[in-house]
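Coordinates in review
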Amino acid sequence: MLQFGKIAIIGAGNVAYTLCKLLKNKGIEPYCVFVRNAEKAQKVHEDLGVDVVSSYEKVLESDLAIISVNDDAISEVATHLVEYKGLVVHTSGTKSAELLNRSMRFGVFYPLQTMSKTREISFEEIPLLIYANSPDDVEMLSQFAKRFSNKVEFCDDEQRKAIHLAAVYVSNFTNVMLGIGDKLLKENGLSLDLMRPLVMEMIKKSFEISPEKALTGPARRGDFATIGEHEKMLGDNPDELAIYMILTDYIIEKYQKNEKL
């Protein structure tokens, strides 16, 4: 039997959808999903097959309330949970748990993964980063998280912020680089899929031997003739050229310094 018998999810975005599906896949029926917009509530009900409410009354009856809304809306939601007796957590990577300190019991339940409403993902290897303001609730939240993931870790606010910043670099910025590559290839009648083996091997190698040791390419080699040719090719793409030069200069400076030590 779950220590959190009744689980409410607040929100209707990618994370809320994913968590709702996660619970249902584990045989846990959400007690309710709170959606402020009544028109959107009907769509959420149809998509997820759960009890959707637009009043906090039923949320206040739950044992665990998971706030999955935009970061800027967390504080506003918290004002409606002042009398809440259960544990309230948010799913933000950057916002402090203290935003919820109007409640007696509060914390964080942060899945370290990109999510979309239409994609099914396995949570077994996804880090679930947790925090609560009491040891008892840390233990309860940990046991709850372990029902879904093999990688549950306690993180304070500063650690979680650092993880989120690192995630922006390795995920969001990497995706931007893939987008630039896709653009350049399409301009020459080619497919991004050509890059798949290269990207997969680079990622695998970086995790096996470290990103620094895995790095190759003209900037790493100090191949200034190739760099000059790339600059010419990007002459009509000033934004992409600027990114190319910033990263190239960073790599050259980093490795020149390291090799002089």
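Structure report, in brief. (Residues numbered from 1 in each chain as written. Predicted model: local features only at pLDDT ≥ 70, side-chain atom pairs only at ≥ 80, totals over all residues. Heavy atoms only, no water.)

Here we look at the overall build of the protein
Formally: The helix count covers DSSP runs of H or I at least four residues long, the strand count covers runs of E at least two residues long, and both are numbered beginning at the N terminus. Using a 1.4 Å probe on the protein chains alone, a residue whose accessible area is under 20% of its type maximum counts as buried, one over 50% counts as exposed, and one in between counts as partly exposed. The contact criterion used is simple: two residues touch if any of their non-hydrogen atoms lie within 4.5 Å. Computed with the Shrake-Rupley method and a 1.4 Å probe, the accessible areas treat only the protein chains shown as cover for residues. Neither His nor the chain ends is counted toward charge; the positive residues are Lys and Arg and the negative residues Asp and Glu. Charge positions are represented by NZ for Lys, CZ for Arg, CG for Asp and CD for Glu.
Across its full length, the protein carries 10 helices and 8 strands. C-alpha extents for the protein along the principal axes are approximately 70 × 45 × 30 Å. Put simply, the protein has 261 residues, and 38% of those count as buried. Of the contacts made within the protein by residues no fewer than 6 positions apart, 53% connect residues no fewer than 24 positions apart. Here the protein displays about 15,600 Å² of accessible surface, and carbon together with sulfur accounts for 54% of that area. Across the protein, the mean location of the 31 positive side-chain charges is 2 Å away from that of the 38 negative side-chain charges.

Overview of the nonpolar core
Looking at soluble globular proteins, one finds that nonpolar side chains tend to be buried together. Filter applied, for reference: To qualify as a nonpolar core, a set must consist of buried Ala, Val, Leu, Ile, Met, Phe, Trp, Tyr and Cys residues joined through side-chain atoms within 4.5 Å.
Phe109 and Phe144 are the most contacted members of the largest nonpolar core, which has 34 residues in total. Among the elements of the structure, β1 (7–10), α1 (14–25), α2 (38–48), β4 (64–67), β5 (87–90), β7 (128–132) and α4 (135–145) are those that each provide at least two residues to this core.

With respect to the pairing of β5
Short version of the rule: DSSP bridges decide pairing: two strands pair if at least two such bridges lie between them.
Neither face of β5 is exposed, since Leu87 and Val89 on one face and Val88 and His90 on the opposite face are all buried. Where β4 lies against β5, 4 bridges are found, and the strand directions are parallel. Counterpart to Ile67 in the pairing with β5 is His90. Sheet topology note: the β5/strand β6 (residues 106–111) ladder contains 3 bridges and is parallel. When the bridges of β6 are listed, His90 appears paired with Val108.

Thoughts on unusual backbone geometry
Positive phi values are uncommon outside glycine, yet Ser210 reaches one of about 105°. Note that Ser210 resides in the loop between α6 (196–209) and α7 (211–214).

Some thoughts on the packing of α1 against α2
Axes are the key here: two packed helices are described by the angle between their axes and the distance separating the axes. Stated precisely, the cut-off is as follows: Angles here are taken between N-to-C directions and fall from 0 to 180 degrees, while the axes themselves are lines fitted to C-alpha atoms, restricted in helices to the stretch in contact. Throughout, a crossing is termed right-handed when the near helix is turned clockwise from the far one, and left-handed when it is turned anticlockwise from it by less than a right angle. Under the scheme applied here, ten amino acids are nonpolar (Ala, Val, Leu, Ile, Met, Phe, Trp, Tyr, Cys and Pro), four are charged (Asp, Glu, Lys and Arg), and all others, including Gly, are polar.
Their axes nearest at 11 Å, the elements α1 and α2 cross at an angle of 35°. Here α1 and α2 pass one another in a crossing that is right-handed. In this structure, α1 contributes Tyr17, Cys20, Lys21 and Lys24 to the contact, and α2 contributes Lys43, Val44, Asp47 and Leu48. For the contact of α1 with α2, the per-class residue count stands at 4 nonpolar, no polar and 4 charged.

Quick notes on the packing of aromatic side chains
For clarity, the cut-off: Any two of the Phe, Tyr and Trp rings considered here, Trp counted by its six-membered ring, make a pair once their centres fall within 6.5 Å; the pair's planes then place it as stacked at under 30 degrees, edge-to-face at over 60, or tilted in between. Only Lys NZ and Arg CZ are tested; either one counts as a charge over a ring when it is within 6 Å of the ring centre and within 35 degrees of the ring normal.
For the structure shown, the criterion picks out 5 aromatic pairs. Between Tyr131 and Phe154, the ring centres sit 5.6 Å apart and the planes meet at 40°, which makes this aromatic pair tilted. In this pair, Tyr131 sits in strand β7 while Phe154 sits in strand β8 (residues 152–154), placing the two residues 23 residues apart along the sequence. By relative accessible area, which is 18% here, Tyr131 ends up buried. Members of the aromatic cluster, each reached through a chain of ring pairs, are Phe109, Phe144 and Phe148. Directly above the ring of Tyr31 sits Lys58, whose terminal nitrogen or CZ lies 4.7 Å from the centroid.

Some words on the sheet that holds β8
Read across the open sheet, the 8 strands follow the order β3-β2-β1-β4-β5-β6-β7-β8; overall the sheet is mixed. Looking at the sheet topology across the chains shown, the edges are occupied by β3 (52–53) and β8. For β1 and β4, the ladder comprises 4 bridges, and the chain directions are parallel. Looking across to β4, one finds that Ile9 is bridged to Ile66.

Digging into α2
Rule in force here: It is the directions from the helix axis to the C-beta atoms that the arc portrays.
Burial in α2 covers these residues: Ala41, Val44 and Leu48. Taken down its axis, α2 places every buried residue within 65° of arc, on the same side. Among the exposed residues of α2, those oriented more than 90 degrees off its buried face are Glu39 and Glu46. Contact partners of the buried residues in α2: α1, β2 (32–34) and β3. Count one or two residues on from α2 and you reach Gly49, which has phi positive near 65°.

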